[in-house]
Amino acid sequence: MSRERPRRGTLPPAQESIEKLEKVGKEGNYYGAQQMYKSITARYISAERYSEALDILQSGACLQLEHGQVTCGAELAVLFVETLVKGKVPYSEETLGHLRKIYEAFPRIAVPEHLEDDDDMQKLSEALWAAKIRVEGCSSFLKSAIRWSIDSGAGKNGSQELHDMLARYIYSESPEADMTKVSYHFARGNNPKLFFATLIDFMGKCYPGEDDLAIARAVLMYLSQGNLRDANYIMDEIKKKMDSEELDFSESELIQFIVYLLQTLERDALPLFRILRQNFKSSTDRDPAFNELLDEIAEKFYGVRRKNPLQGMFGDIFKEKPIQFLQSLKAY
């Protein structure tokens, strides 16, 4: 028996709309499909049929992305998150799975390395532009998803897995990865092993003098979150790598500072922390962000109040609150 056609003005089941829209997309009319995805899901949202709207948007985002339509796919991916917000969908492993599926549909394309003539240069230029679009699209999607997760029960930093996804994509797909952004998100994730592997890969490609900065940044990022365990993990693995491959950072004052800092944070030693900062100031000044991170570390571990904007402009004026550092270390 044939199915009864829905009455005019009523919405069909989501799967029926998905099949119809997939047919339009697979015929190559990606722009037309995009407009239909947006208009049809708007009707489901107006009817407060959020679950079905989400199914349609996920299908559309994945379809567009799998066919290389990154701009259209990213737009539908962001609409998916906006619908989570409108529908007040709580954070859950099930919803994270849907977000992961969209993330995995974003293309991964290597930028050509061997250039021989003008045609190759043109291909490189096009590939770099395409990489920029991919990273911006995926970043917009995942940043909006992280914001949703913060408001939906995933903690003050949002979903750790979403942070790891974003760090991984920025690093793998950016022609010149911004390690500050990569480190920021890995430090809010839950995969220090992947962070370490990414650091080692970066150190094999970076300019001389950038490797110790990358190590210090990773450790300080973790410490600014109060995460002494993973900061020590990164440094321990670096030491193993140095021993096995005869790498030598002994002449890097910045790495010496990091080693001393990790030891200092194991104890209630605010005066020593301040002496370290003063003695190694020329090293930590190599990256303007390091002093901001050290201020956050002082607050996390020693209860030192952060500077307000005016105090930051005119000098080191700190106010301390009672220290409960020993209790906080028990988590490690």
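Residues numbered from 1 in each chain as written. Predicted model: local features only at pLDDT ≥ 70, side-chain atom pairs only at ≥ 80, totals over all residues. Heavy atoms only, no water.

1. Topic: the overall build of the protein chain
Quick reminder of the rule: The secondary structure listing takes helices from DSSP runs of H or I that are at least 4 residues long and strands from runs of E that are at least 2 residues long, numbered from the N terminus. Three labels apply to residues, based on accessible area from a 1.4 Å probe with only protein chains included: buried if under 20% of the type maximum, exposed if over 50%, partly exposed otherwise in between. A contact between two residues is defined here by any heavy atoms of the two lying within 4.5 Å. Areas reported as accessible are Shrake-Rupley estimates using a 1.4 Å probe. Residue values count occlusion only from the protein chains shown.
Scanning the protein chain from terminus to terminus reveals 17 helices and zero strands. Counting the 332 residues in the protein chain, one finds 45% classified as buried. For the protein chain, the share of sequence-separated contacts (at least 6 apart) that also reach a separation of at least 24 residues comes to 63%. Taken as a whole, the protein chain presents about 18,500 Å² of accessible surface, with 50% of it coming from carbon and sulfur.

2. Some thoughts on the packing of aromatic side chains
The condition is simple: Two rings from Phe, Tyr or Trp (for Trp, the six-membered ring) form a pair when their centres are within 6.5 Å of each other. A pair whose planes differ by under 30 degrees is stacked, one over 60 is edge-to-face, and the rest are tilted. Think of it as a cone above the ring: NZ of Lys or CZ of Arg counts as a charge over the ring if it is within 6 Å of the ring centre and within 35 degrees of the ring normal.
Taken as a whole and assessed by the stated rule, the structure comprises nine aromatic pairs. Considering the side-chain rings of Tyr-103 and Tyr-169, the 6.2 Å spacing of their centres and the 70° angle between planes classify their relative orientation as edge-to-face. Remark: Tyr-169 occurs in helix 7 (residues 160-173) and Tyr-103 occurs in helix 5 (residues 93-105); sequence separation between them is 66 residues. With a relative accessible area of 4%, Tyr-103 lands in the buried category. One aromatic cluster is present, formed by Tyr-103, Phe-106, Phe-141 and Tyr-169 through successive ring pairs. The aromatic ring of Tyr-103 is capped on one face by Arg-108, whose charged end is 4.6 Å from the ring centroid.

3. Remarks on the environment of Asp-236
Along the chain, the position of Asp-236 falls in helix 11 (residues 228-245). Under the relative-accessibility criterion, Asp-236 is labelled partly exposed at 38%. Asp-236 sits 23 residues away from Val-259 along the chain, and the two C-alpha atoms are 9.9 Å apart.

4. Thoughts on the packing of helix 10 (residues 211-224) against helix 12 (residues 253-264)
For the record, the criterion: Interaxial angle, 0 to 180 degrees, is taken between N-to-C directions of lines fitted to C-alpha atoms, where a helix line uses only the stretch in contact. Any angle that falls under 35 degrees is termed roughly parallel, while one over 145 is termed roughly antiparallel, one within 65 to 115 roughly perpendicular, and all others oblique. Note: crossing handedness is left-handed where the near helix turns anticlockwise from the far helix by less than a right angle, and right-handed where it turns clockwise. Gly is put with the polar residues, along with every residue not named as nonpolar or charged; the nonpolar set is Ala, Val, Leu, Ile, Met, Phe, Trp, Tyr, Cys and Pro, and the charged set is Asp, Glu, Lys and Arg.
Contact geometry of helix 10 with helix 12 gives a least axis separation of 9 Å together with a crossing angle of 25°. As summarised for this structure, helix 10 and helix 12 are arranged roughly parallel, according to the angle between their axes. The handedness of the crossing between helix 10 and helix 12 comes out as left-handed. Seen from helix 10, the contacting residues are Asp-212, Leu-213, Ile-215, Ala-216, Val-219, Leu-220 and Leu-223; seen from helix 12, they are Leu-254, Ile-255, Ile-258, Leu-261 and Leu-262. Each residue belonging to the contact of helix 10 with helix 12 can be placed in one class, and the counts come to eleven nonpolar, no polar and one charged.

5. Here's the deal with the nonpolar core
Selection criterion: Among the buried residues, those of types Ala, Val, Leu, Ile, Met, Phe, Trp, Tyr and Cys that are joined through side-chain atoms within 4.5 Å form a nonpolar core.
Leu-99, Ile-102, Phe-141, Leu-223, Ile-234, Leu-265 and Phe-273 are the most contacted members of the largest nonpolar core, which totals 91 residues. The biggest single contributor to this core is helix 10, with ten residues. Contacts of Leu-99, omitting those with residues within four sequence positions, involve Phe-80, Val-81, Leu-84, Phe-141, Ala-145, Trp-148 and Leu-162.

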